[in-house]
Amino acid sequence: MGGDPDTGRLALTVNTQQDDLMAITDSRVTIHMAASLDGFIARKDGSVDWLETSDEFAGGETMDPEFIAAFLKTIDCYVMGSRTYETALGFEAKGFGWSYGDKPTFVLTSRKLPRIRETVEFHSGDLAQFVNGRLRPKFRSIWFVGGGAVAAECLRLELADEVRYSILPVLIGDGIQFFEKLDRDVALHLAEVKAYKNGMVELRYEVRKHRDESR
Ligand SMILES: NC(=O)c1ccc[n+]([C@@H]2O[C@H](COP(=O)([O-])OP(=O)(O)OC[C@H]3O[C@@H](n4cnc5c(N)ncnc54)[C@H](OP(=O)(O)O)[C@@H]3O)[C@@H](O)[C@H]2O)c1
């Protein structure tokens, strides 16, 4: 992405001060999750044991740890729903670590949940105002990392710029959907497709905002 980040942020700050929540900015909101081929991000009971798949696709790309580490550095903050946070807490308690590094992590919740590290902040209230008024002026690359309820809400409110959908080579039959109860169509533009040696396919779509749909 080109452009001077400071100029973009400044433009948005000025616009936000004018209460224009649809301000133009070079910040980007990405929704990313991994799903089974049948579109589920977790089983009905919330378990994600099926994420460990074993497949080989000879023509696929290799996941280069150095590339992944460099890519993760480009993410400025994470946003997640409370149930995803509770899953992350469970992982950490089992010794699997914390997936979000030292990046600010905003947890959407109306409840009082344990705050396990300083980078975690809880938020309740108007999500559009939070993203456009607070996150976009401060962070360039904002990643919504689940779950299905929050991903759908993010699209419903037209907050997302892109969707990264990693399809794993498995069908699980039932579970929590990637976009829970989305109540309308959302037009997308396919921007990138990558297939990996482990059988995962990563799709990157840009969300076509209302103003683009006539194109
Ligand atoms: N496969 C993957 O890549 C992946 C990624 C992430 C999560 N997951 C799985 O997905 C499951 C969780 O997904 P989920 O859809 O059940 O829950 P979720 O989206 O993680 O959390 C939903 C909860 O967040 C809170 N919330 C606050 N503001 C909200 C808003 N504006 N919109 C929506 N929710 C808001 C509400 O709870 P309060 O009662 O706290 O207010 C709501 O019930 C877990 O099992 C997790 O393991 C999988």
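Here's a quick rundown of the structure. (Residues numbered from 1 in each chain as written. Predicted model: local features only at pLDDT ≥ 70, side-chain atom pairs only at ≥ 80, totals over all residues. Heavy atoms only, no water.)

1. Observations concerning the sheet that holds strand β7 (residues 162–168)
Strand-to-strand pairing in sheets goes through backbone hydrogen bonds, with the strands running parallel or antiparallel.
Move 1: Strand order across the open sheet formed by 8 strands is β5-β4-β3-β6-β1-β7-β10-β9, with mixed pairing between neighbours. Edge strands, defined here as strands with exactly one partner in the open sheet, are β5 (120–123) and β9 (188–195). For this sheet, the mean inter-axis angle between neighbouring strands, taken without regard to orientation, is 20°.
Move 2: Bridge count for strand β1 (residues 28–36) against β7 is 7 bridges, and the pairing is parallel. Looking at β7, one finds that H32 is bridged to R164.
Move 3: Across the sheet, helix α3 (residues 82–93) is in contact with β3 (77–81), β4 (105–108) and β5; its angle to β3 comes to roughly 105°.
Move 4: Along the sheet, helix α5 (residues 148–156) makes contact with β1, β3, β4, β6 (141–144) and β10 (201–207), crossing β1 at roughly 140°. (Pairing = 2+ DSSP bridges. Helix = DSSP H or I, 4+ residues; strand = E, 2+ residues; numbered from the N terminus. Axes fitted to C-alpha atoms, helices over the stretch in contact; angles between N-to-C directions. Contact = heavy atoms within 4.5 Å.)

2. Thoughts on helix α4 (residues 127–135)
Move 1: Those residues of α4 that fall on the buried side of the exposure criterion are L127, A128, F130, V131, N132 and L135.
Move 2: The N-cap of α4, judged by a side-chain oxygen 3.0 Å from the amide nitrogen of A128 a few residues on, is D126. (Buried < 20%, exposed > 50% of the residue type's maximum accessible area, 1.4 Å probe, protein only. Polar contact = N/O pair within 3.5 Å; in protein donor to acceptor, adjacent residues only side chain to side chain.)

3. Some remarks on the side chain of S141
Move 1: Position of S141 relative to the elements: it lies in strand β6.
Move 2: Engagement of the side chain of S141 in a polar contact is seen with the side chain of W143, the distance being 3.3 Å.
Move 3: The residues contacting S141, other than those within four sequence positions of it, are R28, T74, I75, D76 and C77.

4. A few points about a nonpolar patch on the surface
Move 1: Among the surface-exposed residues, M63, F67, I68 and L72 lie close enough to one another that they form a single nonpolar patch of about 330 Å² accessible area.
Move 2: Accessibility expressed as a relative area gives 47% for F67, which makes it partly exposed. (Patch = residues over 30% accessible without salt bridge, like charges linked within 9 Å, V, L, I, M, F, W, Y side chains within 5 Å. Areas by Shrake-Rupley, 256 points an atom, 1.4 Å probe, with all protein chains shown as cover. Salt bridge = Lys/Arg side-chain N within 4 Å of Asp/Glu carboxyl O.)

5. Re the site of the ligand
Move 1: Around the ligand, 25 residues are found, and the nearest of them are A34, R83, T84, T109 and S110.
Move 2: Contact distances for the ligand include 2.9 Å between an oxygen atom and a side-chain N or O atom of R111.
Move 3: Note that an oxygen atom of the ligand is positioned 3.2 Å from one of the backbone N or O atoms of V150.
Move 4: Along the lines of polarity and charge, the residues of the shell around the ligand split into 11 nonpolar, 10 polar and 4 charged. (Near = heavy atom within 4 Å. Nonpolar A, V, L, I, M, F, W, Y, C, P; charged D, E, K, R; others polar.)

6. With respect to the packing of aromatic side chains
Move 1: Using the criterion set out here, one finds 11 aromatic pairs in the structure.
Move 2: Summarising the aromatic geometry, the rings of F178 and F179 are spaced 4.5 Å apart at their centres and angled 40° between planes, so their arrangement reads as tilted.
Move 3: The class for F178 is buried, based on a relative accessible area of 2%.
Move 4: F179 gets classed as partly exposed once you look at its relative accessible area, which sits at 21%.
Move 5: Grouped by ring-pair contacts, the aromatic residues Y78, Y85, W98, Y100 and F122 constitute a single cluster. (Phe/Tyr/Trp six-rings, centres within 6.5 Å; stacked < 30°, edge-to-face > 60°.)

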